[in-house]
Amino acid sequence: MGFIDSIKSFYFRAFDFRTRSSRSEFWYVFLAQILFFLPIEFIPSFLFLDLLKSAINILIFLPQISLTVRRFHDVGMSGWWLICCPLVFLLMWAAVYFDTTFGNVFVAPFSLALLIIFIYLICKKGDVRDNKYGSDPLGLPK
């Protein structure tokens with residue numbers, strides 16, 4: 001899937017939590033978001049710009065979750081594993097906020113491990129064959 005097709009799919013399939021999405025679709029959308037938001041960060045901040053960024057973040061929130069769930073489906077994992085992401089950040093925040101030995105010794109490495117697993121799943125090649133979430137989004141011959 002190409003860059004433009006990935007962006008179109010990102011919005012047209014915003015409520016699709018049942019099928020699969022390829023790595024290229026996921027990473028093209030990621031690249032588009034970086035290319036859009038990076039220049040905005042260098043513009044001096046003012047109220048209208050902050051409201052615009054907030055509105056755009058709200059508009060891409062659900063499609064991004066949907067895309068990530070479909071990406072998990074492509075590797076044969078349930079989309080419910082996405083719940084681990086907020087857990088990672090919550091644990092990391094708790095480790096820093098409470099600054100305890102428990103947080104530094106146990107929570108930080110556990111959070112890092114969850115983050116590494118998440119990145120691995122997003123980067124992993126999808127199932128070539130059909131899985132319980134649908135057929136191969138690339139449609140390559142088996």
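For the structure, check the block above.
Just so you know, these numbers come straight off a predicted model, no measurement behind them.

Engineer: How do you make sense of the overall build of the protein when you look at a structure like this?
Structural biologist: Within the protein one finds five helices and zero strands. Ordered by position in the sequence, the α and β elements of the protein form the string α-α-α-α-α. Taken over the C-alpha atoms alone, the protein extends approximately 55 × 40 × 20 Å along its principal axes. The burial tally for the protein puts 32% of its 142 residues in the buried class. For the protein, restricting intrachain contacts to residue pairs at least 6 apart in sequence, the fraction spanning at least 24 positions comes to 69%.

Engineer: Explanation requested: the nonpolar core in the structure shown.
Structural biologist: Considering soluble globular proteins, one finds that nonpolar side chains tend to be buried as a cluster. Counting residues in hydrophobic clusters, the biggest one holds eleven residues: F10, F26, V29, F37, I56, I60, L67, F72, V75, L121 and I122. Mapped onto this core, the elements with two or more residues apiece are α2 (23-41), α3 (47-74) and α5 (101-123). Top element by residues in this core is α3. It accounts for four residues.

Engineer: What am I meant to see in the pattern of salt bridges here?
Structural biologist: Where charged atoms from two side chains of opposite charge come close, those side chains can pair. Tallied over the entire structure, the rule returns five salt bridges. Note that D16 and R13 form a salt bridge whose closest N and O atoms lie 3.3 Å from each other. A relative accessible area of 18% means that D16 is categorised as buried.

Cut-offs used in this document
Residues numbered from 1 in each chain as written. Predicted model: local features only at pLDDT ≥ 70, side-chain atom pairs only at ≥ 80, totals over all residues. Heavy atoms only, no water. Helix = DSSP H or I, 4+ residues; strand = E, 2+ residues; numbered from the N terminus. Buried < 20%, exposed > 50% of the residue type's maximum accessible area, 1.4 Å probe, protein only. Contact = heavy atoms within 4.5 Å. Core = buried A, V, L, I, M, F, W, Y, C linked by side-chain atoms within 4.5 Å. Salt bridge = Lys/Arg side-chain N within 4 Å of Asp/Glu carboxyl O.

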